[in-house]
Each structure stands twice: as structure tokens, then as C-alpha cells.
Amino acid sequence: MNEDHPPRKNRFGLLKRTRSNPYLAEERGRKAVIDSSSLPPSRNGSRSGLSRLIPKCLSKRFARSAEQSPNPGPTATSSSTRDLLHPQTTQDLPLLTTTTPEPDLDQAPEPSAAKSSPTITPEQPDSKLLQATLAKAKAGVDGMGHVSGIVENVASAPDNLQSVPDTIDSFSKILKPLENFNSVATTLANVHPYAKVALSIFTCASKMILDQAHRDAAVSRLLSKISEVYTFITEEKELVKIQSMLATYGKIAQQTLVCADFISHYSETKSVWIRLGKHIFDETDTTIQSYNDTLDSLMQQFRDLAARDTVVIAHHIDESLDLVGMEYATGAGLNTSKCCLPNTRQDLLKDIQNWISSTEEGAPRIFWLSGTAGKGKSAVAHTIANWYIDQGGLGSCFCFDRTRQADRRQDKIFTTIASDLADCSPKLGLDPADRFNAVVAGTSEKGTRLLDVMYARILGEIMPEDERREAMPVFYSVMGQILASLEPLPMPALKTMRLHFPDERNRYNVEYVIRSLGSLVTGITDPHAPIRPLHASFYDFLTDKSRSRDFFVDTTSVQSDLAFATLRVMDSEHGLRFNICSLENSYLPNSSVPDLEKRVKEYISMELSYSCRFWGTHVSSTSFESSLAKEVEAFFDGERLLWWLEALALMKGIGGSVVTLLSMTDWFSGHTEFTHVSDAARDTLRFVRTFASAILRSTPHLYLSALPFAPTQSRMFRKFAAKFSCTPGIVAGSVENWPQMEKIINANDQVNSVAMSPDGKRIACGLYDGTIQVWDIETGEALYAPLQGHTSFVSSVAFSPNGRRIVSGSADTTVRVWDVKTGEALGSPLQGHTEYVWSVAISPDGKRIVSGSDDKTIRVWDMETCEAFGAPLQGHKNMVRCVAISPDGKRIVSGSHDKTIRVWNMETCEASGAPLQGHTDRVWCVAVSPDGKRIVSGSFDNTIRVWDVETGEALGAPLQGHTGSVMSVAILSDGNRIVSGSSDQTVRVWDAKTGVALGSPLQGHTSWVCSVAISPDRNRIVSGSDDKTIRVWDADTIMGKTSVATFQSHTGSVNSVAISPDGHNIVSGSDDKTVRVWDIETGKALVAPLEGHTGSVLSVAISSDGKSIVSGSEDRTIRMWNVDTGGASGVLRGHIGIVWSVAISPDRNHIMSGSDDRTIRVWHIGTGEARPLSGHFDWVRSVAISSDGNRIVSGSYDRTIQVWDMGTGQASGAPLKGHTDRVLSVAISPDVCRIVSGSRDETIRVWNMGTGELLGAPLRGHTDCVNAVAISPDGNRIVSGSDDETVRVWDMQTGEGVGAPFLGHTGPVRSVAISPDGKRIVSGSSDNSIRVWDINFLNRHQPLELPALCFSSELTHALHSASSFLQDSKTPASSGPDKEGWVVGPEGRLLLWIPLALYSSNMYAPGTTLVIANNALQLDLSSVAHGTSWRKCRIQ
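What you are looking at is a predicted structure, and each value in this text was computed from that prediction instead of being measured.

About the thresholds
- Residues numbered from 1 in each chain as written.
- Predicted model: local features only at pLDDT ≥ 70, side-chain atom pairs only at ≥ 80, totals over all residues.
- Heavy atoms only, no water.
- Phe/Tyr/Trp six-rings, centres within 6.5 Å; stacked < 30°, edge-to-face > 60°.
- Helix = DSSP H or I, 4+ residues; strand = E, 2+ residues; numbered from the N terminus.
- Buried < 20%, exposed > 50% of the residue type's maximum accessible area, 1.4 Å probe, protein only.
- Core = buried A, V, L, I, M, F, W, Y, C linked by side-chain atoms within 4.5 Å.
- Contact = heavy atoms within 4.5 Å.
- Arc of directions from axis to C-beta.
- Axes fitted to C-alpha atoms, helices over the stretch in contact; angles between N-to-C directions.
- Parallel < 35°, antiparallel > 145°, perpendicular 65-115°, else oblique.
- Left-handed = near helix turned anticlockwise from the far one by under 90°.
- Nonpolar A, V, L, I, M, F, W, Y, C, P; charged D, E, K, R; others polar.
- Pairing = 2+ DSSP bridges.
- Salt bridge = Lys/Arg side-chain N within 4 Å of Asp/Glu carboxyl O.

Draft legend 1. The arrangement of the packing of aromatic side chains in detail. Per the stated rule, a full pass over the model turns up 37 aromatic pairs. For the pair Phe-475 and Phe-551, a centre-to-centre distance of 6.2 Å together with 85 degrees between the ring planes defines the contact as edge-to-face. Residue Phe-475 is found in helix 17 (residues 468–484), and its partner Phe-551 is found in the loop between helix 21 (545–548) and helix 22 (559–570); the two are separated by 76 residues along the sequence. For Phe-475, a relative accessible area of 2% translates into the label buried. The exposure class assigned to Phe-551 is buried, which follows from its relative accessible area of 5%.

Listed below in C-alpha cells is the structure:
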């Protein structure tokens, strides 16, 4: 009770809460099923809501006389304790006497070798005699010797004396309850005058025992029993308030004192026994056993009285208590959806059912079910609870949930179970609604609900009618603030928020108002506790005008005030600011800042945290008003916007900003004068979606990475970049507008399937490694560890309509069901298919699963039982590659490698009509339109077709545009657009009605796009690829501007490069099926792409006059091109395999080609005739021709090199052997004396052309396949390119590496060439780029000796103070971003993050003079503030 307001609060204040009694629950006849699989740690001091009500119902019982019961006497007592108590009567204390012995329950058993002892009668103690007795006992204890001496005296009895260490260990456990008792004795002593005396006995006795316990091991067994007594008393401390138990309580106190007296005189007694030659331990055992038995009897009597009073208490609760005020854990009860699947765990369930039904006397009251996570304990508990409901015996089912910690269920367990047990009363045994009406909301004579009358009366007393005119506006405002807050706030936060209300008249101290409502709200006394209504019913009362009438609180009226307050709290003196948590080092991820959580709590106040998270909700809940709009405008106009994102990231809530920003675009919709604010919200939204993952990982990179890499025309960059000048500068390759690709998510393996949750917040993907990963679409973070269970690759995934389950199909022939929240597998795998399961779908009602398999069948499964529904659907003549279900759930659509689509009836499992035929190759994917009228299919014939469901007819011509197989199709929810993914590495969007492609293909993937999905709001497209990435695309930008105006470079791997004889041009061939010509100085394309090949271009060569280009392709052809016109001048066909390599003779009359058909062909350019050269036993991977035109050299997968005579076509000598793996590249020195070869064995070898002998040892240094070799014009240098992503230069004579490797490519180097002047190296890579290197850079600089880190062609742009980043590490500086976009230094230091969704990963590196790639990036790092200086990035 608050002393500040005693008169009024005494009338309706809350009763004090008391601690609940664990023994009450033990004695209940009804069992409760409790799920402990996720039981949270207990909290000291937690109190149940029910316990606070008990003292009130018991208060009348203290006026009654307690029942009398005799006290058993001990077998031995000292004379000092006899006649200790004498009768005394007072008005307040009932007389406790005994006149007639009670049954054996209260009589201690007689020890076999003990004298009979008098019975002690409990009466009110004589305090003086008590003090004298205890003082004497203490003096005896003080005079005892140490235990060590006693041990020596009894050393002759080793069999009877336990070891001293064991004794000490025992004492430490035994004495703990006594020490605990002393810590609470003062509090317990206030319960009753008689109890106070008894407790003083316990306190004194405990101190005596503690003194003696450390001196003599002989009393350990008696101490164990005393320990039990103190534990019992401590746990039963609330029951001492019950009158009927005071007598027994007194007896226990007296008996404890007797035992304490015995202990204190034990050394003297023992000494006598030793002198008499008696066996100490036998004598002691007899005496101690009698004490143990007596204490056991007394404690049992105490328990029996407790059980009897439980019945009385329950009766009072049932008769007079209003249970609605008790806290109840909503959602903690039975959930039938979590029950075990039918016919599973039957043995275990039967054991538990037998235990419940057991009538044996000794049947245990608790059944403990344990096991590791995921074993199904929760499912068993829910199943038993559900079964016991059917039996009519369930009292309560209570489940904990780690994911609902904010509900604090652990604090509500007793009140919830008590409320459930109350439901079992005949009077209260109604359904919840009826019980509420009958018990809680029962009507009075006037027909007014009981609660309403109570609340109205209390409020009426707080605000009398004559004061309401002034009080009510304040009441409305304060309660409105409390009720409208989206989470309860403590008093200081409410007061601070109030100070920022727009109307100065409302900026009063709310504490005075809230304290006056003390009986109706909680959290008043604790400044850290949230203020909230005492019960949800009070909230309901206040917000229902028909019930509360004058006290009705309109929460909408305060939304505007809260909107203003939240915005202004963020802008206040103690609001948002730069580097709010004082992060010292930008190299560290947030997870490595040890006290970050503490800093967040210290620097981000409750009101600031609340404002950051909920300001948008309050604004959007307010009707549009200009003054508030201007407040929001100011928020987006200042740095506060950046600081808001910083604070959210530190609180791990940046994903919540998406909801806020979306709500702002809606709130400003239609108000043209604030269009710029709406645009700012949209721009910020895109900023968050692009950079959230980096900001969450290391918050300083909001300023160091996100802001400088935002598109230059984005509002965020234009508004704030200039204020953060000491950040990376983009010298070349800048992006102007937000691109179509929003983010890249890196998966652990190839992505076979993607699916989006119905709420659009999650992405699930099935991977080649047999796992399923689930991602947050906003932050790109994995929500939990990969789901494991399948034993082969996961081919398909789908979300259930309610978003709670994921279904997966796998090559292990099974289908599995997973819980989205926990990531656990639900039940056993669905087995029935005999081959790969390629596709799964879920019916719209979530009840059925459909799967298609390599076994040519379709199966339908029951989601709940996991049983197959009916027989397999048969009809396809080849594997079923895809399945889909119509929106009404009545049809199944399947696509097969038999080139057909079939429609099936879901109920009858029969085919509906004839197969849909039209595709000329395998059908890989199908989808059904939202209206169920159309089927869309994609095929290996590179087309998409649209079909009429009813007629089976194709609608219009095939949709053509992909240059590869159509792997996946999806339809927007409005049915107007089709999205497709293809093996051509692109995603396309089509108009569903016209079949016209919309916008340009979405490019970025570097391998097959295996799956596509569309968000429910139609704003985003998700694609999954064999390149191990998931990419999220902004659907709204498909028809808008893209940040890359044209794709100037190759869009696929650059497999081959060559340099023109004059050194001015570069020719390249790519996986994008084109040949291109570039200016070696500027990187500009000199002619349009040379198109004609239908497969990857694997090799290019330039004629000696520079006028002709020859290319070899995956399409098995050789094409000739005119450099000046860019036109094709001929096609050579003859190889029956891929053409891996081409070369042109110096006289320009012949072309040489090598193929995986194991032959070399020599073609006459004029006639097109070919002469095959045979001799290799495996693919011919590389060919070269000598400068004199007389020799051809070939390298093969058969690990050999062969020299051929150009004139005769015969092999010159035996094959050159030495490589231990495939030969991938060969070159001939200009003097025709040497051959250089590169191999998959990671080595380069040099051979004598004439003798075929190996010259020197292999050149070692690469750490992966050597794909390409070239020789400088002077014959002194060898250049090599490798899968290890490096280019190396070697000395031909010594075989030593020249300088360090050139670093810069982010993919395998496929080809290298050297300019005619020997000054430049050109390399092509699978990272889609061409790089030009200055070979003399190796002579001028040694990169490892440089303190610089440079991502520009200008060394002046190198990183300032790079030594702090590298810290003298011998690890080479990073050559570019990792697969996630981070430039990482030694020990994982984070320098910066580059959004690969916006920028090419191809950055300039030391030694690079040109990078030919789409938006090749050059950075100026010379002014970057980084590491411990990062805070200087902002202009003060």
C-alpha cells in the first residue's frame, strides 16, 4: 500500500502478493500435464497471481481456535529444556495445549535402546527461560574442541568413521538449508507472535548447529534430519500463517531445540562414553534415530494439516474469489495441431496412459519425460492432454515457449493452472465464454456487469463527480497514452514522452496521475517496471464506451500526440546521435563488441528505443494533418534519418524499418505537396533493403560502406554523402540509379528451388547439399541453421498457405514436412516413391501434399497423417518433373519429360481429358493462374506456353526469348505477368495476355536459374541458381531506369583472349556466345558483338594481318569474321564434338582446331576442306602453330603433348609425357625451340621442341589448374592463368616466378595473352571480365612491401594508413570483395562492404591498367577514415 495516498487506496488497494506453496500442488487429486521441453530458467522472487488472493480468504480463520494435538516427546532431553514452556493467555493468541494423546500419527516411535521420555506440551514460551537455556547451550558449544582431535581419539574404529573429506562434503550440503533459513528468518518472524517465538528457537538452534557442525563429524546424520526440517520450514513459510498449524509448528521448534541441545552437549557425553569404553557410534545411532523419527512424525503431521487446509482454501476461492484478476498465460494450453501423428509413439503414449489410470497406492504423482531437443516431447505432452480431455480428467495443460519470452509465462504458471482447475468446479465447469459471464461478468440487480461496477466505482472514488470536470481530460490523456502505447513503458519513459507532446498543457508529470490509479495499474513502485493495466479486462472496460461511459478512453485521440512525441524524442538532446553507442573500431563486426548489449541499454533509453521502433505506426494511425506531416518531413530531411537506422541496427531491429517506411508511403499517398517525402521514404526503403545485411553485421559501415556506395542519383546519396567526406570515393564505375537487383543472398550450395512465405517475409530454398535454408527477405540473414534430414539433394520446396510449414521433396525419394518456427522435422518422411522426388505442391487448404517423381507417378498425401491418399496417379510415360495445384484445390497439373502436361482430378485421382501436347522437348515447369483458367509451362525447347485449362488448347504462340531451357515459371497474383528463369542465366518477365517480354532480361546470375518465385505483394521476384546464390529483384524497376545503361562487356565467362599484331586491339570469346573487339587503351568496344554461335565461344585467334578473327565454339563449329565489318565470313563444320581451341597459320591460309572428338583438324581457309590429325586418346584441349608455320603442337586430356608436321600431318616423334593430369594449354616459343604447357596438375612444364625432353623442373606456384600459358615475344617470359584466380609471370631460363602474382580476378583465369611489345598482359576470366596488366609493374614494385591497399589504376588512391588495417601481416592484401561483398583483411578485419547487387565485383587492383567489365569499379581510398579513426568520417 502506498503511503502517499493512504485514505483512498485502503478502500480498493491490491492485496499483498505472497509466495506460492509448492506442497499445495503436490496434494491435488487432479494431475496436470505440463510440457517442460522448453521450460525457461526459474526467476528468483517470481510470484503467482493467485497467491496474492489467499491471505484475504484466510483472514477470518485467525479468529478461530486452532485444533489441539499432542506433541511427542524425544527419547532423551537435557534437563535445561524441561518445563521450558508454561501456559499464558492473551487476546490475540489462542491457547495451544494438549490434554489427550492423539493417534499414532503424532506419536514418535519408541527407540529400542532408549529410556522413555516425558511428552512436551506446547504452550506459549517463557522468553526469559528460553534465552537462558539457549545461552547455556551456546556456552557449551563454544567450549568444545575441534573435530580433528575427536577423529584421533576414535582412530581405533575405522570401520565406523567416515573419511574427513567426505564429512566436509556432506556438511556443506547439509548446512546450506540452515544458512538459507537464517537469511529469511527475520522476515518470517513477523507472521505471528507465537511463530515469532518459535522462529527464534529455530534461529538460535541453527546458529548452535552451525558452530558445532564444523567440529564433529559424528552428528552428520542428525544434521541431515535437521537440514530437512529447515528446508521444510523455509519452503512452508507461508503455511505458518494458518492457525491450525501453529501447534505443530511449535512442536517442531521445541524438538529442534532438543536436538540442538543434544548437539551442544555431545562432546561431553561422548567423552564419558569413551572413558566407559562404550562404542560411541552405536550409542549415538540409537539416540539420533529417536530424534529422526520424532521429527519425521511432526513434519508428516504438518503436511496433513496443510492438505486439509488446502481443501478449505479451495472452497473459499470457489465461493468468494473473482478469478478474472488473475494473470492467465494465453496460448500456453493445449494445441491439437502439435499432437503426435496418428499411430506414432504408441508404446510411450500407452505407458503414460497406464500411469494416469493407475489406482495403485504408491503410484508416483509425477511422470518425468526427458530427451534431447526435437525428440517429440512437446508432441507427446499435447497428445496426452488431448486424450485426457476426452477422458474428462484433464485439470490443466501448460506449455512454455522460448519464442514467447516476452509473455513471461513462467510468472503465470500457478495462476493459469489455478484458473484451469477452477474451471473443473461443477459451478465453474462451463466453456470459457459462459464461465466469464457466469463468474466474472455476472450481473447485479441493475443488470450491470460486476467488473464494470467495480471499475466504475474505483474510478468514481478516485475522481469524484465534483472534480471530474478538471480531472477527466487528464485521465483521458494519461490512460490514453498508456493504452495506446504499443508496448508498456516504465514511469520515467512515460514522463519523458509526455514532455514532447505537442500541446504544452499536456506536458505534466504523469506520475501523480498514475499513482492515483495504483489499484488499477501495475508497475508503479518499480521505476524499471512497465506501467500497464492491472488486467486486460480493465483495458477492455476503458476502450468500450458502452461499458465505461464517462470513463471511456478513445485511444485514437492520443495517437497524434504519440506520433509527435516519438519523432521529437528521437530529435531531443538525449535522442539519436552519430555513433550513439560509442563504437571504437570499424574493423569489428557487432558480434565482436563484447559489451554491445550493455551499451545499447545504457545509451538507448526505453523511450528512445520505443520511438525508433514505433513512430511510424503512430503516425500511420493518425489522420493526415499538415503539422505532423512537416514533422515527418523534417525527420527525412536531416541526419536523424541515418541515426535512426544506426540505432535500429544496434537493437537488431533494422528489418522493422521496412514496415515503417512502407506505412509512410501510404500515409502520404494523395498529398501532392508532400510527394518528396513519399519519395524519400521509398528511397530509404530501397537503401535499407540493399544495405541492411552490412549494417547489421557492422554498424559503422552504415557510413563507411552503405552511404558512399548508394547510387549517385539516389536521395540518400545526394542528401548525406557530402557530410561524410572521409569515406570511399568512386573514381570509375559509379551507379546512378537503383538497379533491378535488390540483393544477393549466398547459399551453401547450388539452389534447386525457392519459395516465398505467404506473408512475403521469408525465403526458403532447397539446396544440392540436401539441406533447406530459410532467410529473412529484408535483411538477407539466415533465420536458423539449415534444415537437415534429407540424404540427397533437395529438388523442391513449398510453404503451406498459413506459412507454418515447409514441404520438401528430395532425390532420396522422400517428402518431408518441417515446422517453420522451430526448423524441426514434423513426423517421419513420407515414403512411397521409388525414384527421385522432383516437385512438391501444397493444396490451398493446407491439407494435402502433391509430389511428382522420377518413377513416372504423382502421389497425394494427407498433411496431418502423412499417409498417401489413394493410389499413385499414373499416365506419364517418363519422369514427372513438375506439379502444381489449382487455386480451388480441385485440379492437379503435372509436366513430364514425355513432353506433355496432364490435368488430374484431386478427389478421384483420375486424368481430366487428354494430355496437353505442343512442346518439342521435356516439360520442366508448370504453374496455374490465380483464376484457375490458365496453365503456364516451360520447357527444354526454350519456350513458354500458355494453355486453356478447360479445353487444353494452347493460347497464342509460344513465348520466345530465352536462349536456354526454361527451368521455372511463376505467375503474379493478379495474373497479368509471368516470370521465368532459364539455363541462359537470366530471369524474364512477360505480359501474360500478349506474350510480350517486359523490359530487358534480369541479368546477374552466373549459372542456370533453376527456380523463380514472386512475393505476395507482387513487388519482388526471387530467383535461385546453380551459382549458389539467391537474388531478389525489384519488380517495380523492370520497366524503369536501370543503373547500367548498356551492358558494354561480356555477360558470361570470358574463355579466350587474343591481341592484334599491332597491339591496339583485344579480341575475346565468351559464354555469352559472342566474340567482341576492344580498344586496349580505353576498353571501348570497337564493333558490335559478333553473333552467330549457338553455344559458348571457347577460343579465338587473330590473323597475322589483324583483319580476320577465327572462333571455336561449344556448338561444334568454327566461324570466321571480318574485323572491319564485324560480319561473318564463313562457317566450318566437321567436328563431332566441342571445339576447344583454334589457331591461324602465319600465312593466313590454314586454321587449326582441337576438339573433344579427340582430333585436330587443319582447315584450308579458301576451300573449307579439312584434314584430320588423329593420335590422342582423349579430348584435344589446346592447339598452337609455330611461327614458321611448320609445326603444330597439341595438348590433350590424355596428359600428353604431341608435335605434328604441318606438311604431312604426321606426328613428329613420340608424345611428350610428364604431366600427371590433363594438359589444358600449350604455347610455342618464337624461336620454335621450346614448348610450354599448363596442366590440371597445377604445374607448368617447358620442353625441348626438337628432342621432346623436359627442360628443368616443373614450374610450381599455382594452387589450382593452369588453364592458359603464353610466351613473351622475346621468349624470356612465360605468363600463366589459373583457376586460383591469379596471373603469374615466370622467367623462362630459371623457371622462377617474377614478382608476386597479379591479383584482381574474382574467378578462374581462363586465358592469357601478351602484347607484341611484351609490355602488357591481357587475361580473361569466368568473372566476366578482361584485365590488362602492366608487366613492368612487377619490376617496379613488390606488392607485399607496399603499405598500400589500392583498388584503382592510380596508386595515389591507395588506402591511407593501410598499416593499421594490415598490421604488418604477411597475408597479401585483399584483391577484392569476397562472395558477400566484404573486403576483409588479416584476422577478419572489415575494411568496407561493396553491394554486389549494384556493382561489379571486378575492382581495379595494383598492376591493373584496364578492366573491361560492366561498371568496373575504381575506388579512391586515400581519405578513408577506418579502424579506430572511423568516427572522423563525418564532418563535424
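Draft legend 2. Inspection of the nonpolar core at higher detail. Counting 141 residues, the largest nonpolar core has Phe-636 and Trp-644 as the members making the most contacts within it. Per-element accounting of this core gives the leading share, 11 residues, to helix 28 (residues 675–697). Residues in contact with Trp-644, not counting those within four places in the same chain, are Met-570, Leu-576, Cys-612, Trp-615, Phe-635, Ser-657, Thr-660 and Leu-661. With 16 residues, the next largest nonpolar core counts Val-1332, Tyr-1404, Val-1411 and Ala-1413 among its residues.

Draft legend 3. Geometry of helix 18 (residues 491–498). The set of residues buried in helix 18 consists of Met-491, Ala-493, Leu-494, Met-497 and Arg-498. Taken around the axis of helix 18, the buried residues stretch over an arc of 165 degrees, which confines them to a single face. Buried positions along helix 18 lie against helix 17, helix 19 (510–516), helix 22 and helix 24 (606–620).

Draft legend 4. Molecular detail of the packing of helix 27 (residues 656–667) against helix 28. One way to put it is that helix 27 packs onto helix 28 with a least axis distance of 8 Å and a crossing angle of 160 degrees. On the basis of their axis angle, the class for helix 27 and helix 28 is roughly antiparallel. As for the relative orientation of helix 27 and helix 28, their crossing is left-handed in sense. Note on element contacts: helix 28 touches helix 27 through Ser-678, Ala-681, Arg-682, Thr-684, Leu-685, Val-688 and Arg-689, opposite Ser-657, Val-658, Leu-661, Leu-662, Met-664 and Thr-665. By residue class, the composition of the contact of helix 27 with helix 28 is 7 nonpolar, 4 polar and 2 charged.

Draft legend 5. Focus on the sheet that holds strand 32 (residues 1054–1059). Spatially, 4 strands are ordered 32-33-34-35 in an open sheet, and the strand pairing comes out antiparallel. Each edge of the sheet is formed by a strand with only one pairing partner; in this case those strands are strand 32 and strand 35 (1090–1091). Pairing of strand 34 (residues 1074–1079) with strand 35, which is carried by 2 bridges, proceeds in the antiparallel orientation. Bridge assignment links Thr-1074 to a residue of strand 35, and that residue is Glu-1091.

Draft legend 6. A look at the environment of Gly-1207. Tracing the backbone through its elements, the reader meets Gly-1207 in the loop between strand 46 (1200–1205) and strand 47 (1216–1217). On the accessibility criterion, Gly-1207 (57% relative accessible area) is exposed. Each C-alpha atom of the pair Gly-1207 and Asn-1190 lies 6.9 Å from the other, and the pair is 17 residues apart in sequence.

Draft legend 7. Local environment of the sheet that holds strand 52 (residues 1266–1271). With antiparallel pairing, the 4 strands of this open sheet are ordered in space as 52-53-54-55. The open sheet is flanked by strand 52 and strand 55 (1302–1303), the only strands paired with a single partner. Note that strand 52 and strand 53 (residues 1277–1282) share 5 bridges and pair antiparallel. Bridge pairing in strand 53 links Ile-1271 to Ile-1278.

Draft legend 8. Expanded view of the pairing of strand 26 (residues 977–982). Most of strand 26 sits inside the fold, with 5 of its 6 residues counted as buried. Alignment of strand 25 (residues 966–971) against strand 26, held across 5 bridges, turns out to be antiparallel. Residue Val-966 lies in a different strand from strand 26, and its bridge partner there is Ser-982. Connecting strand 25 to the next strand, strand 26, in antiparallel fashion are 5 residues, including Gly-975 with a positive phi near 75 degrees. As judged from the 5 bridges shared by strand 26 and strand 27 (residues 986–991), these two strands associate in the antiparallel manner. If you follow Arg-977 over to strand 27, its bridge partner there is Asp-991. Taking the residues that link successive antiparallel strands as the turn, the strand 26-strand 27 hairpin has 3 residues, and the phi of Gln-985 there is positive, at about 75 degrees.

Draft legend 9. Structural detail: the pattern of salt bridges. Under the criterion given, the structure shown has 34 salt bridges. Here Asp-595 ties to Arg-599 by a salt bridge, and the two come within 3.0 Å at their closest N and O atoms. Relative accessible area serves as the criterion here: at 11%, Arg-599 is assigned to the buried category. In this structure, Arg-682 and Asp-679 form a salt bridge, with 2.9 Å as the shortest nitrogen-oxygen distance. Of this pair, Arg-682 and Asp-679 are both found in helix 28, 3 residues apart, which corresponds to roughly one turn of the helix. Here the residues in one salt-bridge network are Arg-689, Glu-742, Lys-743, Glu-778 and Arg-1020, joined through shared partners.

Nothing here speaks to function; it is all geometry.
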